[in-house]
Amino acid sequence: MISEASVRRSINHLGSFGDTDLFPRLPEMRCFLERPGTIAKDCEKLNIGQYTPVGAVETLTPKSWLGFRIAHQLTASDNVVYLAALLDCAPHLEAARLPKENNEAFAYRFSEGESLKVFEPARGYHQWLAYLSDFGEPENPFAENRPAIVTDIADFYQRIYFHRIENVLQDAGCPKGPSDLVKKIIKTTRAKQSYGLPVGSTASRMLAECLLNDTDMFLKHKGMKFTRYVDDFRIEVPAGTEGHSILCRLAEHLMVTEGLSLNVAKTRMTSIKEIQRSSRVRLQDVFTSAEMEKIQSFIKINYGNDDDTNDDDTISNPFLSADLLLDKLDEIGDKKVADLSIFKAVLRALRFAANINAERLLDKHADLLYYSPREYCLALNSASKQENFNTESVKIRVRELLYMSPYSDLSYVRSWLLNLFVDGTLPASLSEWQTYDFNRSIIERRANFFFHGLANDRAYFRALKTQLGSLSEWDKPAALMAGICLPFDEYKTWLATAQDLLSTPFAATYLAWLKDCHGKRTLQQLLSDAQEPVCTSL
């Protein structure tokens, strides 16, 4: 039903860049990376009628200083199937879009082949800003004050109607089997609302772009010069045309055709000159142009691809000392006067600097943990691998924050703080977690299994063996992996009885992989070793 090439590329991409750009990586993804051939065979046998997606973890995440959005994490199984099915559809979807050369639909252009990256490089948000710095260059150099429109779509991902997804897949001529799988996963994930896409995954970004293809065509046919990055539009107002008329027609098209509406707070009339100016200075309210140039040469800041740490000059760039970056954060003072993306960029860069002072970061800039927990905790993980890391002091502070509002109010933030103990950044002593409520979310329940496994709590898993059937499909893979602390014969017997209790189409492959791991790798290695594609015939 899904091609082997797409399954392998899906696995390798998710292994390299993560299953989302928001949540901690799922440890069970390691099975897919080490058994791609077997997983591909499992996908060949997928029966659309019998395949039942599990559904997603759904949680509130900060989007800006005062804004939030709902984000989703699919199970490892569903994510592999979702992306692989979309990859089979991707050539058809890309062919239906406007040509990439004109930069009208700028972002997430599908790249065919076997590359780990499924989107073409140099098409991230910061490359779009660079393009905007020359946007609308007139044949008449004295016409740079021409009017223009800046706008975006309100709650784009969450408001996409399901029937539009069906129409887009059908209109592009996508193969039926993969299309049906895509629709089934989306429908299950968004069952409570009956509209919207799972937020945070590569597959959703690919599909969302194509859902605006009719809007791109609408503007093109109206003779508009425009460019769009996801749901963010810049439109030049032609001479002799009223700007509000264009805005009215765009709003009407989105409402009638797509069931979407423009974001009033982010819609304004401006000029080509102002678009160019604002794009040039977007990141200069904290750093000078020279400093930002050095940062951008040091680490490629590209939405969705910022886990790519293979830049040649990552370690050697002398500009990016940890102290300098922390000094910059100290200088800002009231952080809310600057764009949140700047702080994410600093935290990303901090990950690759030497001598990170984790205690200073936690003491003076703990507020950033609430707004950007992913980048913050990854920086702490990098610090833990360096000589000056004070494990005990950092552990005490992290546990304090975990119980402290506002950090404790968001399950998304709690998931990242707990992951510091799951992935080995900080030691997880079971006795210290006796009073913690692990039933607040799916991710916390999974962390509880891992904590017991890391503590070699065999009695806990012996009691759990008879309760496996009552656990959720999110809990079962974590519980079975954490139970690897059991003696081999006991563990082997448990795995044999577990197959009928798992609904995933990859149950046999996953259980066989766990059995093979026993005695060869510890649970800590399965949780903390880097996930990356491997050469294997399995």
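Given the structure is predicted, the values throughout are model-derived calculations rather than measurements. (Residues numbered from 1 in each chain as written. Predicted model: local features only at pLDDT ≥ 70, side-chain atom pairs only at ≥ 80, totals over all residues. Heavy atoms only, no water.)

Quick look at the overall build of the protein chain
Of the regular secondary structure elements, the protein chain holds 26 helices and 6 strands. Taken over 538 residues, the protein chain has a buried fraction of 58%. Considering only contacts within the protein chain whose residues lie at least 6 apart along the sequence, 74% involve residues at least 24 apart. (Helix = DSSP H or I, 4+ residues; strand = E, 2+ residues; numbered from the N terminus. Buried < 20%, exposed > 50% of the residue type's maximum accessible area, 1.4 Å probe, protein only. Contact = heavy atoms within 4.5 Å.)

Quick notes on the pairing of strand β1 (residues 57-62)
Relative to strand β2 (residues 68-73), β1 runs antiparallel, the two being bridged by 6 bridges. When the sheet's bridge partners are listed, Val57 is paired in β2 with Gln73. Between the end of β1 and the start of β2, which pair antiparallel, lie 5 residues. (Pairing = 2+ DSSP bridges.)

Some details on the nonpolar core
Within the largest apolar cluster, 170 residues are counted, with the highest numbers of intra-cluster contacts made by Leu93, Leu197 and Leu207. In this view, Leu93 contacts Leu86, Val168, Leu169, Ala172, Cys174, Leu207 and Cys210; residues no more than four positions away in its chain are not counted. (Core = buried A, V, L, I, M, F, W, Y, C linked by side-chain atoms within 4.5 Å.)

A few points about the layout of surface pockets
Computed from the structure, the second largest pocket encloses a volume of approximately 1200 Å³. At the level of secondary structure, the elements contributing two or more residues to the lining of the second largest pocket comprise α1 (4-17), α18 (373-384), α20 (411-422), α21 (442-454) and α26 (523-528). Broken down by element, the lining of the second largest pocket gets its largest block of residues, 5 residues, from α20. Taken together, the residues that form the lining of the second largest pocket break down as 19 nonpolar, 14 polar and 11 charged. (1 Å grid on protein atoms, 1.4 Å probe; cavity = no way out; pocket = protein on both sides within 12 Å on 5 of 7 lines; lining within 4 Å. Points joined across faces, edges and corners; volume = space filled by probe spheres on them. Nonpolar A, V, L, I, M, F, W, Y, C, P; charged D, E, K, R; others polar.)

A short note on the pattern of salt bridges
Applying the stated criterion to the full structure yields 35 salt bridges. The residue Arg521 makes a salt bridge to Glu34 at a minimum N-O spacing of 2.7 Å. In this pair, Arg521 sits in the loop between α25 (507-517) and α26 while Glu34 sits in helix α2 (residues 29-34), placing the two residues 487 residues apart along the sequence. Given the relative accessible area of 25%, Arg521 is considered partly exposed. Residues Arg164 and Asp214 are paired through a salt bridge, measuring 3.3 Å at the closest nitrogen-oxygen approach. On the criterion of sequence distance, the pair formed by Arg164 in helix α7 (residues 162-171) and Asp214 in helix α10 (residues 213-221) is long-range, its members being 50 residues apart. (Salt bridge = Lys/Arg side-chain N within 4 Å of Asp/Glu carboxyl O.)

Some words on helix α12 (residues 272-280)
If you check which residues of α12 are buried, you get Ile272, Ile275, Gln276 and Ser279. For α12, the angular spread of the buried residues around the axis is 95°, confining them to a single face. Turning to α12, the residues buried within the fold contact α5 (125-132), β3 (147-152), β5 (232-236) and β6 (268-271). (Arc of directions from axis to C-beta.)

Details of the sheet that holds β5
Strand order in this open sheet of 4 strands is β4-β5-β3-β6, and the pairing throughout is antiparallel. Two strands in the sheet have a free side with no partner beyond their single neighbour: β4 (225-229) and β6. Neighbour-to-neighbour, the strand axes of this sheet turn through a mean angle of 20°, independent of strand direction. Of the pairings in the sheet, the one linking β3 to β5 comprises 5 bridges and is antiparallel in character. Note that in β5 the partner of Ile149 across the bridge is Ile235. Contacts from α12 reach β3, β5 and β6, with the element oriented near 90° to β6. (Axes fitted to C-alpha atoms, helices over the stretch in contact; angles between N-to-C directions.)

Re the environment of Ser411
Position of Ser411 among the secondary structure elements: in helix α20. The spacing of Ser411 and Glu444 is 33 residues in sequence and 8.4 Å in space, taken between C-alpha atoms. In this structure Ser411 touches Thr59 and Ser441, once residues within four positions along its chain are discounted. There is a polar contact of 2.6 Å between the side chain of Ser411 and the side chain of Thr59. (Polar contact = N/O pair within 3.5 Å; in protein donor to acceptor, adjacent residues only side chain to side chain.)

Some points on unusual backbone geometry
Going from Ser405 to Pro406, the amide bond is cis rather than trans, its omega being 10°. Structurally, Pro406 can be placed in the loop between α19 (391-402) and α20. Of note in the backbone geometry, Asp155 takes a positive phi value of approximately 50° without being a glycine. Within the secondary structure, Asp155 is located in the loop between β3 and α6 (156-159).

Some details on the packing of α18 against α20
For the pair α18 and α20, the least separation of the axes is 10 Å and the interaxial angle reads 10°. Put simply, α18 runs roughly parallel to α20. Counting all contacts with α18, which are made through Pro373, Arg374, Cys377, Leu378 and Leu380, the residues of α20 involved are Tyr412, Val413, Trp416, Leu417 and Leu420. Each residue belonging to the contact of α18 with α20 can be placed in one class, and the counts come to 9 nonpolar, no polar and 1 charged. (Parallel < 35°, antiparallel > 145°, perpendicular 65-115°, else oblique.)

As for the confidence of the model for the protein chain
Residues of the protein chain with pLDDT of at least 70 account for 90%, and the chain-wide mean is 88. The weakest mean pLDDT in the protein chain belongs to helix α13 (residues 289-298) at 54; the strongest belongs to helix α23 (residues 475-482) at 98. In this model, residues 299-318 is a region of pLDDT below 50 whose contacts with residues beyond four sequence positions or in other chains number 50 contacts. (pLDDT = per-residue confidence, 0-100.)

With respect to empty space enclosed by the protein
Per the stated rule, a full pass over the model turns up 5 cavities of 30 Å³ or more. In terms of lining, the largest cavity is formed by 22 residues, of which the most central are Thr75, Ser77, Glu473, Pro477 and Thr504. Going through the elements one at a time, α2, α4 (76-95) and α25 are the ones with two or more residues in the lining of the largest cavity. For the lining of the largest cavity, the leading source of residues is α4, giving 3 residues.

Description of the packing of α4 against helix α8 (residues 176-189)
At a closest axis distance of 8 Å, the pairing of α4 and α8 adopts a crossing angle of 140°. Accordingly, the angle class assigned to the pair α4 and α8 is oblique. Pair α4 / α8 crosses with left-handed handedness. Across the interface between the two elements, Asp78, Val81, Tyr82, Ala85, Leu86, Asp88 and Cys89 from α4 touch Pro178, Ser179, Leu181, Val182, Ile185 and Ile186 from α8. Here the contact of α4 with α8 is composed, by residue class, of 10 nonpolar, 1 polar and 2 charged. (Left-handed = near helix turned anticlockwise from the far one by under 90°.)

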